[in-house]
Amino acid sequence: MAPSHQKGPDLKRFMDKKLRLTLNGNRKVVGTLRGFDAFLNVVLEEAIDEHHQSSGGGGGGENSDDPSSNYLGQIVIRGNSIVQFETLERL
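The numbering scheme is per chain: residues are counted from 1 as the chain's sequence reads. Given that the model is predicted, a residue must reach a pLDDT of at least 70 before its local features are reported, and side-chain atom pairs must reach 80 or more before they are shown or counted; all residues, however, enter totals for whole chains, interfaces and linings. Just so you know, side-chain values use all the structure's heavy atoms and leave hydrogens and water out.

Q: Can you tell me about the nonpolar core, naming the residues and giving the values?
A: Think of a nonpolar core as a cluster: buried Ala, Val, Leu, Ile, Met, Phe, Trp, Tyr and Cys residues, connected wherever their side-chain atoms sit within 4.5 Å. For every residue, the accessible area obtained with a 1.4 Å probe (protein chains only) is divided by the maximum for its type, and the residue is called buried under 20%, exposed over 50%, and partly exposed between those limits. By size, the foremost hydrophobic cluster in this structure holds 13 residues, and its most contacted members are Leu21, Val29, Leu33, Val42, Leu44 and Ile77. Elements with a minimum of two residues in this core: β1 (18-23), β2 (27-36), β3 (42-53) and β4 (66-77). Only heavy atoms matter for contacts: two residues are in contact if any of them lie within 4.5 Å across the pair. Residues in contact with Val29, not counting those within four places in the same chain, are Leu19, Arg20, Leu21, Leu23, Leu44, Ala47, Ile48, Ile75 and Ile77. Helical segments are the DSSP runs of H or I of at least four residues, strand segments are the runs of E of at least two, and each set is numbered from the N terminus.

Q: Describe in detail the pattern of salt bridges, supporting the description with residues and values.
A: Between Lys or Arg on one side and Asp or Glu on the other, a salt bridge is scored when a side-chain nitrogen of the former is within 4 Å of a carboxyl oxygen of the latter. Here the structure, examined in full by the defined rule, presents 4 salt bridges. Salt-bridge contacts for Glu86 lead to Arg20; the nearest nitrogen and oxygen are separated by 3.6 Å. Residue Glu86 is located in strand β5 (residues 82-87), and its partner Arg20 is located in strand β1; the two are separated by 66 residues in the primary sequence. Two residues, Glu45 and Arg34, come together in a salt bridge whose shortest N-O distance is 2.8 Å. In this pair, Glu45 sits in strand β3 while Arg34 sits in strand β2, placing the two residues 11 residues apart along the sequence. Using a relative accessible area of 35% as the deciding quantity, one classes Arg34 as partly exposed.

Q: Lay out the environment of Arg90 in plain terms, naming residues and giving numbers.
A: With respect to the helices and strands, Arg90 occurs in the segment after β5. It is 9.6 Å that separates the C-alpha atoms of Arg90 and Phe14, two residues lying 76 residues apart in sequence.

Q: Give a detailed account of the confidence of the model for the protein, specifying residues and quantitative values.
A: Confidence scores here are pLDDT values: one per residue, from the predictor, ranging 0 to 100. Mean pLDDT for the protein: 85, with 76% of residues reaching 70 or above. Note that residues 59-64 has pLDDT below 50 and, in this model, 2 contacts with residues that lie over four places away or in other chains.

Q: Talk me through unusual backbone geometry; I want residue IDs and the actual numbers.
A: The phi angle at Asp16 is positive, at roughly 65°, despite the residue not being glycine. Inspection of the secondary structure assignment puts Asp16 in the segment before β1. What makes Asp16 partly exposed here is its relative accessible area of 47%. The phi dihedral of Glu46 is positive, around 55°, even though this residue is not glycine. By secondary structure assignment, the location of Glu46 is in strand β3.

Next up, the structure:
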């Protein structure tokens, strides 16, 4: 028997904590969780987009990825694009 109402995600313990979210397309965003809703849409504050720029030289087997980041500020991320939550602080 299915419940009569559907509860949203229980992310209260992650509020005001620094998180790393992995999004579809292997994108990563780090920020402080400020809000969420039943669809897992989240609000991050002081968000930073982490990505790797590959030099693409094709040189002999060495990994020459250069990590870089862009400051995004306060953002809303749609829930269906979130693949993984990772906390960067102790709960």
